Amino acid sequence: MSGDTTIVLMWEARAVEGRGGELLEWARARSAELAREPHRRELLRAPQDRVLVMTWWEGASWADGLPELPEPDAALITRPVHRWRFEAVG
């Protein structure tokens, strides 16, 4: 895994019960404020008030300091945010 490729960042959080919509809007706003614009961005929601944000960074490498969403206020989430990095494969 080296050289320029497409790196996909995944950010997932679980809201306090009943606050999934609020977490989704928080994530939407924060993803629009990233220091750089990703090639692609998707926001998804799932049962149990979970929110997932995926960003695609073309021409990136593992060493790049890609911008990530911060941790929401602790009162909005039930546990720490989960984060993953993947390399897109053809």
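The text that follows walks through the structure, step by step, so that each part is easy to find. (Residues numbered from 1 in each chain as written. Predicted model: local features only at pLDDT ≥ 70, side-chain atom pairs only at ≥ 80, totals over all residues. Heavy atoms only, no water.)

1. Focus: the overall build of the chain
- Counting secondary structure elements, the chain contains one helix and four strands.
- Helices and strands appear in the chain in the N-to-C order β-α-β-β-β.
- In summary, the chain has a C-alpha radius of gyration of 14 Å against a globular reference of 12 Å for 90 residues, a match within 12%.
- Summarising its shape, the C-alpha atoms of the chain cover approximately 45 × 25 × 20 Å along the three principal directions.
- Among the 90 residues that make up the chain, the fraction classed as buried is 38%.
- Long-range pairs, those at least 24 residues apart, make up 69% of the contacts in the chain between residues at least 6 apart in sequence. (Helix = DSSP H or I, 4+ residues; strand = E, 2+ residues; numbered from the N terminus. Rg over C-alpha atoms; globule rule 2.2 N^0.38 Å. Buried < 20%, exposed > 50% of the residue type's maximum accessible area, 1.4 Å probe, protein only. Contact = heavy atoms within 4.5 Å.)

2. Some details on helix α1 (residues 20–32)
- With 13 residues, α1 extends 18 Å between its outermost C-alpha atoms, agreeing within 8% with the 18 Å of an ideal straight helix rising 1.5 Å per residue.
- What α1 keeps buried is the set G20, L23, L24, W26, A27 and S31. Burial along α1 is one-sided: seen end-on, the buried residues are contained in an arc of 160 degrees.
- Check the buried side of α1 and you find it contacts β1 (5–14), β2 (40–46) and β3 (50–60). (Expected span 1.5 Å × (residues − 1). Arc of directions from axis to C-beta.)

3. Here's the deal with the packing of aromatic side chains
- Counting across every chain of the model gives one aromatic pair.
- Where W11 meets W26, the ring centres are 5.8 Å apart and the plane angle is 25 degrees; that geometry is what we call stacked. Within this pair, whereas W11 is found in strand β1, its partner W26 is found in helix α1, the two being separated by 15 residues in sequence. One exposure class covers both W11 and W26, and it is buried.
- In this structure, R40 packs its charged tip against the face of W56, placed 3.9 Å from the ring centre. (Phe/Tyr/Trp six-rings, centres within 6.5 Å; stacked < 30°, edge-to-face > 60°. Lys NZ or Arg CZ within 6 Å of the ring centre and 35° of its normal.)

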